[in-house]
Amino acid sequence: MLIITTKIRYFFILTKSVLKFIYLFIFLLYLCRNRHLKYYKMNTVESLVASRLLGVQAVKLQPNQPFTWASGWKSPIYCDNRKTLSYPDVRSLIKLELARIILEKYPDVEAIAGVATGAIAQGALVADALGLPFVYVRSSKKDHGMENLVEGYLEEGKKVVVVEDLISTGGSSLKAVAALRNEKKCDVLGMVAIFTYGFPLAQEQFAAANVELTTLSNYEAVLKLALETGYISEEMLPTLQEWRKDPANWKKD
């Protein structure tokens, strides 16, 4: 009796997993073939994602009380996309939209790589949705064990798309690309990310590294939505726009 009950339980678990995969496949196919739906006309992906990031406070704007980044920079904005993982609806939106972009732009992709640490979970979710292998890239090699820089199994020469959570200057993101190219001889097709500040320096560095970057949302979309919803006032806008021109020296005494 116990054996029969266990088999029934496994059957339902397997059925649930299969149905979940079918649902994801149909949903992604639906999105890919219906890019001009009224829903997306009214709510572009970048503004939709911006609203979710602001809604769960993954993005905060404080022009009058600037944040201090780990680099020492003063900033009127702070972004912590790890918070999105705690909200199933936001987590699913980000996962499916990143997967959609990859299917549309890189149909030949063979593996997904996440950038440690912020994009490990995001990348694994996307790889799972697409049914692809997943690895993640450390910021530096371990000083013990195998001293890996790329964690997980990845055959040399594979076509890879890199998943990142946040793009600031682009330095750490492009280090991950270099590791995949140099250590695994991978063909990095491009990078997808949740959010970018849109710094000119980042744009220059991605162009120099010959890496195509696509993000779900960006600084302009957040400012536009924040202004429309009353999160910020018109008086705050010039300060927020000025910061991005020279973030390293903004409010530097």
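Residues numbered from 1 in each chain as written. Predicted model: local features only at pLDDT ≥ 70, side-chain atom pairs only at ≥ 80, totals over all residues. Heavy atoms only, no water.

Participant: Quick question: what am I supposed to make of the overall build of the chain here?
Facilitator: If you tally the helices and strands in the chain, you get nine helices and ten strands. Taken across its 253 residues, the chain has 41% of its residues classed as buried. Residue pairs at least 24 apart in sequence account for 65% of intrachain contacts in the chain once pairs closer than 6 positions are excluded. A total of about 14,200 Å² of accessible surface is found on the chain, and carbon and sulfur atoms cover 55% of it. (Helix = DSSP H or I, 4+ residues; strand = E, 2+ residues; numbered from the N terminus. Buried < 20%, exposed > 50% of the residue type's maximum accessible area, 1.4 Å probe, protein only. Contact = heavy atoms within 4.5 Å. Areas by Shrake-Rupley, 256 points an atom, 1.4 Å probe, with all protein chains shown as cover.)

Participant: I keep staring at the sheet that holds strand 5 (residues 111-115) and nothing clicks. Help me out?
Facilitator: Strand pairing in a sheet is mediated by backbone hydrogen bonds. Such pairs are either parallel or antiparallel. Spatial strand order, 7-6-5-8-9-10: six strands in an open sheet with mixed pairing. If you trace the sheet from one side to the other, it starts and ends with strand 7 (150-151) and strand 10 (213-218), each paired once. Inspection of the sheet shows strand 5 paired to strand 8 (residues 159-167) by four bridges, in the parallel sense. Considered in strand 8, the bridge of Ile112 is made with Val161. Each of strand 9 (187-196) and strand 10 touches helix 3 (residues 45-55); the most contacted strand, strand 10, lies at about 55 degrees to it. (Pairing = 2+ DSSP bridges. Axes fitted to C-alpha atoms, helices over the stretch in contact; angles between N-to-C directions.)

Participant: Explanation requested: the side chain of Asp80 in the structure shown.
Facilitator: With respect to the helices and strands, the residue Asp80 is situated in the loop between strand 4 (77-79) and helix 4 (88-105). When its relative accessible area of 17% is taken as the criterion, Asp80 is described as buried.

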